[in-house]
Number of protein chains: 2
Amino acid sequence: MARAATTTDAFNAVAEPRRRQILDLLVAGERSVTDLVEALGVVQPLVSKHLRVLREVGLVEVREEGRQRLYRLNGEPLKPIHDWVRQYERTWSSRFDALDDVLEELKQEEEDNGTGH
Amino acid sequence: MARAATTTDAFNAVAEPRRRQILDLLVAGERSVTDLVEALGVVQPLVSKHLRVLREVGLVEVREEGRQRLYRLNGEPLKPIHDWVRQYERTWSSRFDALDDVLEELKQEEEDNGTGH
DNA sequence: ACATTACATACCCATATGGGTATGAGTCAA
DNA sequence: TTGACTCATACCCATATGGGTATGTAATGT
């Protein structure tokens, strides 16, 4: 077997710097492919291929408008990464004491509860 | 060019599920290679190779003791991942309003300031 | 001395990557 | 209709992956 496909999950998709760059650009809002090509300074087919990977893991969505395809961000597939890496936060953050833990947990519970304010 | 080496950075190293699994096991504390082999249920050379990758990106450190090598976690290389993915948190967490932002920033400043309480 | 244990490394293999160029398909303008 | 533009796909290539088996090298045990 070779390495897992880049389209396996967000972990693999996001391992590529160029794809993170694309997501960083899309944070600001929708962008056409040509826009991204210009911003990244690479040939168009390459951008299209990266976008395909991001699409397949659900990190971007497309909207057709004339002959343009407008790509927009969808960060939700990043949540597993965030959740996983968050377990290790105390490892590098020496100042991560009991108070912080409580605050974190409260914040987490709030989010899990959904809309309930 | 092919895909970036797994030893390029933590992003690539951690894209492999088995390597995340190893880190998850090391959170509990030091482990010998044989220990990990047993826990993972794969052949020893494969574990050694994964450990090599993790070592090269600084995610684990080794300590020799007799004929055993005890591996321990070092989470710091995960910080860039955490920092990057954190920007996107508001994307999936619909309940991430202005108050949360302020709290986040305060917390971040505190951490950046280091030990100063 | 010899066997055993613990680990790393050397190979071999199939796979699919990121890069590139060339081409196809759809949309719009003259 | 013809041409220009936007984008996706089809290929080709070098690379190194994750998986495996076989082998080497210390350290311990007898």
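None of these values were measured; they are calculated from a predicted model. (Residues numbered from 1 in each chain as written. Chains lettered and ligands numbered in written order. Predicted model: local features only at pLDDT ≥ 70, side-chain atom pairs only at ≥ 80, totals over all residues. Heavy atoms only, no water.)

Q: Explain the nonpolar core to me, and be specific about the residues and the numbers.
A: In a soluble, globular protein the nonpolar side chains are often hidden away together inside. Grouped together as the largest cluster of nonpolar side chains are 55 residues, with contacts concentrated most on Leu23(A), Leu59(A), Leu78(A), Leu23(B), Leu59(B) and Leu78(B). Residues within four places of Leu23(A) in sequence aside, it is in contact with Val14(A), Leu54(A), Leu59(A), Val60(A), Leu73(A), Trp84(B) and Tyr88(B). (Core = buried A, V, L, I, M, F, W, Y, C linked by side-chain atoms within 4.5 Å. Buried < 20%, exposed > 50% of the residue type's maximum accessible area, 1.4 Å probe, protein only. Contact = heavy atoms within 4.5 Å.)

Q: Tell me what's going on with the pattern of salt bridges, and back it up with residues and numbers.
A: All names here are of chain A. Counted by the stated rule, this structure contains 14 salt bridges over all chains. With a shortest N-O distance of 3.2 Å, Arg 63 and Glu 65 are connected by a salt bridge. For Glu 65, a relative accessible area of 43% gives the class partly exposed. Each of Glu 30, Glu 61, Arg 63, Glu 65 and Arg 72 takes part in one network of salt bridges that share partners. (Salt bridge = Lys/Arg side-chain N within 4 Å of Asp/Glu carboxyl O.)

Q: Summarise the pairing of strand β2 (residues 60-65) of chain B; cite the residues concerned and give the values.
A: Residues in a regular strand project their side chains so that they alternate between the two faces of the sheet. All names here are of chain B. By the bridge criterion, six bridges tie β2 to strand β3 (residues 68-73) in an arrangement that is antiparallel. Considered in β3, the bridge of Val 60 is made with Leu 73. Following β2, the chain reverses through two residues before pairing antiparallel with β3; Gly 66 in that reversal takes a positive phi of roughly 65 degrees. (Pairing = 2+ DSSP bridges. Helix = DSSP H or I, 4+ residues; strand = E, 2+ residues; numbered from the N terminus.)

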